[in-house]
Amino acid sequence: MTNAADKIIVALDVPSKDEALRLVEQLQPKVSFFKIGLQLYTAEGPEIVRAVLGNGANVFLDLKLHDIPNTVARAVESASKLGVQMLTIHLSGGTEMIRSAVAAKKTNMSILGVTVLTSATQQTLDQLCIGEQLDRHVMRLADLGAAAGIDGLVASPFEVKFLRTELGDKIKLISPGVRPGWSEQSDQKRTMTPREAIDAGADHLVIGRPITAHRDPREALEKILQELK
């Protein structure tokens, strides 16, 4: 049976390399996977990826690539050379872009397709003139990605259950929008607790501020691990 700690990816949503590496040092005895997103990557560039990898950790590079197919393909090649284990693209970029991303990876790096951001609601889709219900839109994008050969999906815990039912175990499901009951919800709208998200069928949980903004990040992580046990 998979260890509970193997299911958690800690989001290093902090502004500097020093702060990020302090968190890695604090938490790595318990977890091995860390997410580097736009804030940290923009501040520190590829060097922060090398630094986290150099500590023996795994990196989920969450850049949500969305551009013309050739540009995305070249970015995927660069991420492969860095040695990251996971990289995100936006599935709304379409089939040609997704296939270009999948074809461009040179290592065992997993390409993860982002469906609908956890900050989005039905109102968001309506504002964009997307004329379908949110769950149907998520499923449409998921089918697009699966058909084009992606390795996993990034989706709200609320979509995980029906994605697992429709797609089975052939694809990994990674859920942001995970908030323990004792933490603030912040700007994410569609959230669940860690236990609820795992029970719904998520393979990995991306958890940031409930851990990294806590007065004692290691204590917060321990509380979440106890909940999962």
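None of the values given here were measured: they were computed from a predicted structure.

Asker: Tell me about the overall build of the protein, and please be specific about residues and values.
Answerer: Looking only at helices and strands, one finds 11 helices and eight strands in the protein. Rg of the C-alpha trace for the protein: 17 Å, near the compact-globule value of 17 Å for 229 residues, within the 12% margin. Each of the three principal axes of the protein carries a C-alpha extent, and together these read 45 × 35 × 35 Å. The proportion of buried residues among the 229 residues of the protein is 52%. In the protein, of all internal contacts separated by at least 6 residues, the share reaching a separation of at least 24 is 67%. Accessible surface computed for the protein: about 10700 Å², of which carbon and sulfur atoms make up 48%. Between the centroid of the 27 positive side chains of the protein and the centroid of its 28 negative side chains there is a distance of 3 Å.

Asker: With reference to specific residues and values, describe unusual backbone geometry.
Answerer: When glycine is set aside, most residues are seen to have a negative phi, and most peptide bonds are trans. For K64, which is not glycine, the phi torsion reads 45° and is therefore positive. With respect to the element layout, K64 can be found in strand β3 (residues 58-65). Even without being a glycine, C129 presents a positive backbone phi close to 60°. Inspection of the secondary structure puts C129 in the loop between α6 (122-127) and α7 (134-148).

Asker: Hey, could you go over the pairing of strand β1 (residues 8-11) for me, with residue numbers and the actual values?
Answerer: Taking every second residue as pointing to the same face, both faces of β1 are buried, with I8 and V10 on one and I9 and A11 on the other. Bridge count for β1 against strand β8 (residues 204-207) is three bridges, and the pairing is parallel. Residue V10 lies in a different strand from β8, and its bridge partner there is I207. Two strands pair when backbone bridges link them, and β1 and strand β2 (residues 33-36) are joined in this way by three bridges, in the parallel orientation. By the bridge assignment for β2, A11 is matched with K35. Between the parallel elements β1 and β2, the chain passes through helix α1 (residues 17-27) in a crossover that is right-handed.

Asker: Requested: an account of helix α4 (residues 69-82), with residues and values cited.
Answerer: With 14 residues, α4 extends 20 Å from end C-alpha to end C-alpha; this agrees with the ideal 20 Å at 1.5 Å per step. By the burial criterion, the buried members of α4 are V72, A73, V76, A79, S80 and L82. As for α4, its buried residues are in contact with α2 (38-44), α3 (46-54), β3, β4 (86-90), α5 (95-104) and β5 (110-114). Following α4 by one or two positions, G83 adopts a phi angle in the positive range, close to 95°.

Asker: Outline the side chain of H214, listing residues and values.
Answerer: Within the secondary structure, H214 is located in the loop between α10 (209-212) and α11 (217-228). Every residue in contact with H214, bar those within four places of it in the chain, is listed here: W182, R209, E219 and A220.

Asker: Help me get a handle on the pattern of salt bridges, residues and values and all.
Answerer: If you walk through the whole model with that rule in mind, you get 13 salt bridges. Across the pair K35 and D13 runs a salt bridge, and its minimum N-O distance is 3.4 Å. You can see K35 sitting in strand β2 and its partner D13 sitting in the loop between β1 and α1, a full 22 residues away along the chain. Overall, K35 belongs to the buried group, its relative accessible area being 8%.

Asker: Go over the side chain of T88 with me, naming the residues and quoting the values.
Answerer: Position of T88 among the secondary structure elements: in strand β4. At a separation of 2.7 Å, a polar atom in the side chain of T88 contacts the side chain of D62. One polar contact links the side chain of T88 to the main-chain amide nitrogen of K64, over a distance of 2.9 Å. Those residues in contact with T88 that sit more than four places away from it in its chain are F60, L61, D62, L63, K64, L65, L112, V114 and V154.

Asker: An account of the packing of α4 against α5 is needed here, citing residue identities and associated values.
Answerer: Close contact between α4 and α5 brings their axes to 8 Å; oriented N to C, the two are set at 25°. Here α5 runs roughly parallel to α4, going by the angle between their axes. The handedness of the crossing between α4 and α5 is right-handed. Contacts from P69, V72, A73, V76 and E77 of α4 reach α5 at E96, M97, S100, A101 and A104. The class makeup of the residues in the contact of α4 with α5 is seven nonpolar, one polar and two charged.

Each value, and the rule that gives it
The residue numbers shown here count from 1 along each chain, following its written sequence. This being a predicted model, a pLDDT of at least 70 is required before a residue's local features are given, and a value of 80 or more before pairs of side-chain atoms are given or counted; all residues contribute to the totals for chains, interfaces and linings. Values shown for side chains rest on all heavy atoms present in the structure; no hydrogens or waters enter the calculation. Per the convention used, a helix needs a DSSP run of H or I reaching at least four residues, while a strand needs a run of E reaching at least two, with both numbered from the N terminus. Each radius of gyration is computed over the set of C-alpha atoms, and the globule rule expresses the reference value as 2.2 Å times the number of residues to the power 0.38. Partly exposed describes any residue whose relative accessible area lies between the buried limit of under 20% and the exposed limit of over 50%, with all areas from a 1.4 Å probe on protein chains only and scaled to the type maximum. In this description, contact between two residues means that some pair of their heavy atoms is separated by no more than 4.5 Å. Here the Shrake-Rupley method, with its probe set to 1.4 Å, supplies the accessible areas, and only the displayed protein chains count as covering residues. Working convention for charge: Lys and Arg count positive, Asp and Glu count negative, and His plus the chain ends are omitted. By convention, charge coordinates are those of NZ in Lys, CZ in Arg, CG in Asp, or CD in Glu. The rule for pairing is simple: two strands pair if DSSP sees at least two bridges between them. Whether a crossover is right-handed comes down to one check: with the strands pointing away from the viewer, does the path from the first strand over the helix to the second run clockwise; if it does, it is right-handed. Given a helix with a known number of residues, its expected span is that number minus one, times 1.5 Å. Salt bridges are identified by distance alone: a Lys or Arg side-chain nitrogen within 4 Å of an Asp or Glu carboxyl oxygen. Any pair of N or O atoms that falls within 3.5 Å is considered a polar contact. Within protein, one atom must be able to donate a hydrogen and the other to accept it, and sequence-neighbouring residues count only if both atoms are side-chain atoms. An axis is simply a line fitted to the C-alpha atoms; with a helix, the fit covers only the stretch in contact. Between two such axes, the angle follows the N-to-C directions and lies from 0 to 180 degrees. Each angle gets one of four labels, with under 35 degrees taken as roughly parallel, over 145 as roughly antiparallel, 65 to 115 as roughly perpendicular, and the rest as oblique. Each helix crossing is assigned a hand: it is left-handed if the near helix lies turned anticlockwise from the far helix by less than a right angle, otherwise right-handed if that turn is clockwise. Classes in brief: Ala, Val, Leu, Ile, Met, Phe, Trp, Tyr, Cys and Pro nonpolar; Asp, Glu, Lys and Arg charged; the others, Gly included, polar.

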